[in-house]
Amino acid sequence: MRRVLTKNGYDREDVIQDGNRFLLGNGHLGYRGTLEEHDKDDLTGFILAGVYDQHEDDWRENLSLPNPLHFRVYQDDEEISLRTKAPLSHEVQLDIEKALFHRHTEFEPFALSSMRLLSHDDDSLLLEEITLRANKGGTFRLEYGLDRDIADMHGPHFRETWVEIGANCILFHGKTNEGKTLHVRAYYEGIEGEYDGKTRFFSKTLTLKEGEETSLRIIAKVCEEDESTAFRNSGFEDLKSRSIQAFQKKLSAIAVEIDGDEELDFEMAYSIYHALILGDEKRVRSIAARGVSGQTYKGAIFWDTEIFLLPFYVLANPIIARNLLLYRINTLEGALTKAKSLGFEGAYYAWESQDSGLEACRADNVTDPVTGETVITYFGTKQIHISADIAYAFDRYIEATGDASILEEGGTRVLLEIARFFLNYARADEDGVYHIDDVIGPDEYHERIDDEAFTLGMARRVQQTILRRVDPEKLDEESRGLYQRIISAKWASPKEKEGIYEEFDGYFALEDVDVAMLKKRVKNPQDYWGGKNGIATKTTVIKQADVIALLALCPEDYDLQTVRKNYIYYFSRTEHGSSLSASMHSLLAVRLGRLEEAYDFLRASSGIDLRGANKLYAGGVYIGGTHPAANAGAYLGLIYGFLGFRQKQGKVTLDVHLPSHIRKVRFYFMNQGTRYEGLAYQDGHYEIKEAKQ
Ligand code: IFM
């Protein structure tokens with residue numbers, strides 16, 4: 001079983017994508033897989049989750065911290081690093097079972113190795129050990145310390161900074177534009193350097209004999225506001241082994257082994273790693289669409305979290321799943337404010353949500369790649385399905401875990417306010433049937449459309465959730481009145497022709513082309529296909545699973561015949577321009593017995609960050625980073641798709657349909673506080689038992 005990602009050789013062109021591929025994270029912090037000699041031009045990033053800042057009137061985004069792992073080697077005043085020299089050999093590794101990053105680079109005069117981790121035991125700690133071995137005797141000048149030149153997308157975010165220098169220690173304090181104070185304390189052990197006021201780094205000149213080694217150990221601690229930067233330094237090795245143990249414990253709850261397909265086995269483990277490094281058990285925070293890989297999408301939380309990551313965490317760690325819902329409870333005020341500011345009642349959650357839940361999405365989210373001009377989009381004001389997706393997540397969490405206490409902790413109010421919003425946004429026709437005008441569905445290429453299928457289906461699902469989960473007896477009078485209005489509402493069904501749902505009113509009348517045909521019209525590979533003048537806007541080509549997403553999320557509501565017709569119809573018209581699309585298709589393809597197609601979709605999802613074949617630009621805007629929804633989606637495609645996993649109030653059943661080359665799948669999951677092991681075989685039989693400790 002392969003559990004290490006290895007890459008040999010160095011290509012400067014790959015540095016940014018490798019920063020994503022070799023990412024470390026622990027829910028609270030992220031450290032991009034860049035190297036010690038890299039700097040902001042290489043998109044080094046020490047990312048802090050859940051803390052945001054706005055510089056002037058630029059996009060408000062999550063924070064990137066100063067980089068404590070800056071390390072460069074000079075000989076005769078010449079820098080010898082991957083920035084300046086071709087190495088004799090170079091290898092980086094990501095150990096996804098231990099959450100460790102390694103590098104080993106050979107230059108003629110010396111070899112440089114490093115090992116780094118973000119602690120899974122104390123999530124405020126970043127550790128690294130760097131070893132320099134002389135290949136030939138010589139004198140080397142080392143420069144190391146805290147690089148305060150930060151690669152912000154929309155910064156700078158620290159309006160005031162000051163450092164305190166101690167023996168082998170740098171303590172950084174930074175005050176953000178919004179007035180938050182953050183601290184990074186970095187200890188440098190093993191080499192006694194001198195702080196060089198000019199370059200802002202420690203510097204040490206040493207002479208090494210051939211074969212002689214020297215090592216630097218760095219322990220950096222991040223603190224928010226008035227948290228103390230002190231910590232119990234039980235020693236580097238102890239801190240390292242605690243982190244490995246803690247990560248292995250997390251992993252043991254969700255690990256998967258696939259017998260008969262080594263590539264998928266590795267990709268699945270890699271996807272699980274990337275989803276698992278994002279959950280925070282200690283804090284009520286949510287997970288950004290690009291996780292902790294940078295500042296793409298402003299570090300904001302989208303529907304990706306509720307639809308893809310929450311079901312993953314229900315099985316990996318229900319406490320984190322619960323935290324994701326508590327975050328939505330805590331940001332209800334933001335959703336009420338957004339609705340009100342647009343003239344509606346109830347809870348309209350932010351399409352791009354940050355700490356307060358206020359809308360972070362802006363009309364200038366996309367630019368033209370050639371002219372740089374803004375392509376106006378209406379995602380922030382019209383993608384109302386976000387609120388229904390959140391209600392869906394509450395329902396799914398309660399169904400799987402049986403934990404209805406979340407309702408009393410504010411969940412009921414969230415559900416009622418979401419339903420209030422939908423009733424208020426919708427329009428009742430002369431028969432009293434509710435329609436929804438002027439929205440955007442998951443297919444973002446078609447904006448401001450009416451009776452969009454996914455949105456209508458999910459609005460109906462809000463109603464079903466309230467019927468199932470809310471006890472009217474426990475409501476006050478006003479809420480009981482609202483409850484009655486919610487449950488008695490009649491929702492329109494999307495229009496259909498011969499069993500195929502029309503994605504929105506007028507969709508069938510658009511120019512009917514498939515994706516292959518449309519691609520021939522692309523002028524610039526970075527062109528944005530939607531917006532006012534996008535090449536897809538006036539055609540039937542859609543960005544991602546939309547009707548298909550609805551059918552995948554609500555399997556019990558749609559029969560096989562309907563699923564088949566819609567799947568086939570939308571198949572050639574879907575661009576999969578979003579990383580969210582493939583896993584939805586995989587789920588339905590299994591249901592239809594199209595196992596090979598399902599497998600290809602699964603691989604598209606599981607390999608997304610390994611292959612890096614995803615879009616890097618939306619128009620002129622960088623959208624790269626890791627893809628947590630696809631990472632979790634790959635896992636869901638395997639477990640809920642191929643294994644037919646169902647969990648209802650603690651009872652688990654499978655309905656196994658594996659591609660013919662997969663002999664067996666072993667998987668672990670949490671259920672009602674207990675860790676279980678499942679085994680599913682090619683012939684369809686399976687076993688579920690309590691896992692051994
Ligand atoms: O939430 C998605 C959206 O559906 C498509 N654009 C990217 C967002 C973040 O992943």
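Heads up: these notes are all about the structure in this document.

**A word on the overall build of the protein chain**
Right, so step 1: Broken down by element type, the protein chain carries 18 helices and 33 strands.
Right, so step 2: At 26 Å, the protein chain has a C-alpha radius of gyration in line with the 26 Å of a compact globule built from 693 residues.
Right, so step 3: In the protein chain, buried positions account for 62% of the 693 residues.
Right, so step 4: Counting contacts in the protein chain only where the partners sit at least 6 residues apart, residues at least 24 apart contribute 67% of the total.
Right, so step 5: Within the protein chain, one finds 83 positive and 113 negative side-chain charges whose respective centroids are separated by 2 Å.

**Quick look at the packing of aromatic side chains**
Right, so step 1: Scanning all chains against the criterion turns up 39 aromatic pairs.
Right, so step 2: With a centroid separation of 5.8 Å and 55° between ring planes, the pair formed by Tyr31 and Phe46 is classed as tilted. Of this pair, Tyr31 sits in strand 3 (residues 29-31) while Phe46 sits in strand 4 (residues 46-53), placing them 15 residues apart in sequence.
Right, so step 3: In this structure Tyr31 comes out as buried when scored by relative accessible area, which is 1%.
Right, so step 4: When the ring of Tyr569 is compared with that of Tyr570, the centres are 4.8 Å apart and the planes differ by 85°; the resulting orientation is edge-to-face.
Right, so step 5: Of the residues examined, Tyr569 reaches a relative accessible area of 13% and is grouped as buried.
Right, so step 6: Over the face of the ring belonging to Tyr378 we find Arg448, whose NZ or CZ atom lies 4.7 Å from the ring centre.
Right, so step 7: Over the face of the ring belonging to Phe508 we find Lys497, whose NZ or CZ atom lies 5.0 Å from the ring centre.

**Topic: unusual backbone geometry**
Right, so step 1: A cis geometry characterises the amide bond from Gly155 onward to Pro156, with omega recorded as 5°.
Right, so step 2: A positive phi angle, near 60°, is found at Leu43, a position not held by glycine.
Right, so step 3: In this fold, Leu43 is placed in the loop between strand 3 and strand 4.
Right, so step 4: Residue class for Leu43 comes out partly exposed when judged on its relative accessible area of 25%.
Right, so step 5: Positive phi values are uncommon outside glycine, yet Asn168 reaches one of about 60°.
Right, so step 6: Structurally, Asn168 is set in the loop between strand 13 (158-166) and strand 14 (169-176).
Right, so step 7: For Asn168, a relative accessible area of 16% corresponds to the buried category.

**Some points on the site of the ligand**
Right, so step 1: Taken together, the neighbourhood of the ligand is formed by Ala289, Tyr297, Phe302, Trp303, Asp304, Trp351, Glu444, Lys543, Gln544, Ser578 and Leu580.
Right, so step 2: Contacts to the ligand include Trp303, whose side-chain N or O atom sits 2.9 Å from an oxygen atom.
Right, so step 3: Gln544 is positioned with one of its side-chain polar atoms (N or O) 2.9 Å from an oxygen atom of the ligand.
Right, so step 4: Notes on the ligand: free accessible area 280 Å², of which the protein chains cover 95%.
Right, so step 5: For the shell around the ligand, the per-class residue count stands at six nonpolar, two polar and three charged.

**A look at the environment of Asp77**
Right, so step 1: Considering the arrangement of structural elements, one finds Asp77 in the loop between strand 6 (67-75) and strand 7 (78-79).
Right, so step 2: When its relative accessible area of 67% is taken as the criterion, Asp77 is described as exposed.

**With respect to the pattern of salt bridges**
Right, so step 1: All told, the structure shown has 59 salt bridges when counted by the stated rule.
Right, so step 2: Between Asp18 and Lys7 there is a salt bridge whose closest N-O contact spans 2.8 Å. Here Asp18, found in helix 1 (residues 15-21), pairs with Lys7, found in strand 1 (residues 4-8); they are 11 residues apart in sequence, far enough to count as distant. Of the two residues, Asp18 and Lys7, neither departs from the other in class, the shared state being buried.
Right, so step 3: Here Arg468 and Asp395 are joined by a salt bridge, their closest N and O atoms 2.6 Å apart. Remark: Asp395 occurs in helix 8 (residues 385-401) and Arg468 occurs in helix 10 (residues 453-469); sequence separation between them is 73 residues.
Right, so step 4: A relative accessible area of 1% means that Asp395 is categorised as buried.

What counts as what
- Residues numbered from 1 in each chain as written.
- Predicted model: local features only at pLDDT ≥ 70, side-chain atom pairs only at ≥ 80, totals over all residues.
- Heavy atoms only, no water.
- Helix = DSSP H or I, 4+ residues; strand = E, 2+ residues; numbered from the N terminus.
- Rg over C-alpha atoms; globule rule 2.2 N^0.38 Å.
- Buried < 20%, exposed > 50% of the residue type's maximum accessible area, 1.4 Å probe, protein only.
- Contact = heavy atoms within 4.5 Å.
- Lys, Arg positive; Asp, Glu negative; His and termini not counted.
- Charge placed at Lys NZ, Arg CZ, Asp CG, Glu CD.
- Phe/Tyr/Trp six-rings, centres within 6.5 Å; stacked < 30°, edge-to-face > 60°.
- Lys NZ or Arg CZ within 6 Å of the ring centre and 35° of its normal.
- Near = heavy atom within 4 Å.
- Polar contact = N/O pair within 3.5 Å; in protein donor to acceptor, adjacent residues only side chain to side chain.
- Areas by Shrake-Rupley, 256 points an atom, 1.4 Å probe, with all protein chains shown as cover.
- Nonpolar A, V, L, I, M, F, W, Y, C, P; charged D, E, K, R; others polar.
- Salt bridge = Lys/Arg side-chain N within 4 Å of Asp/Glu carboxyl O.

Functional significance is not addressed by these values, which are geometric in nature.
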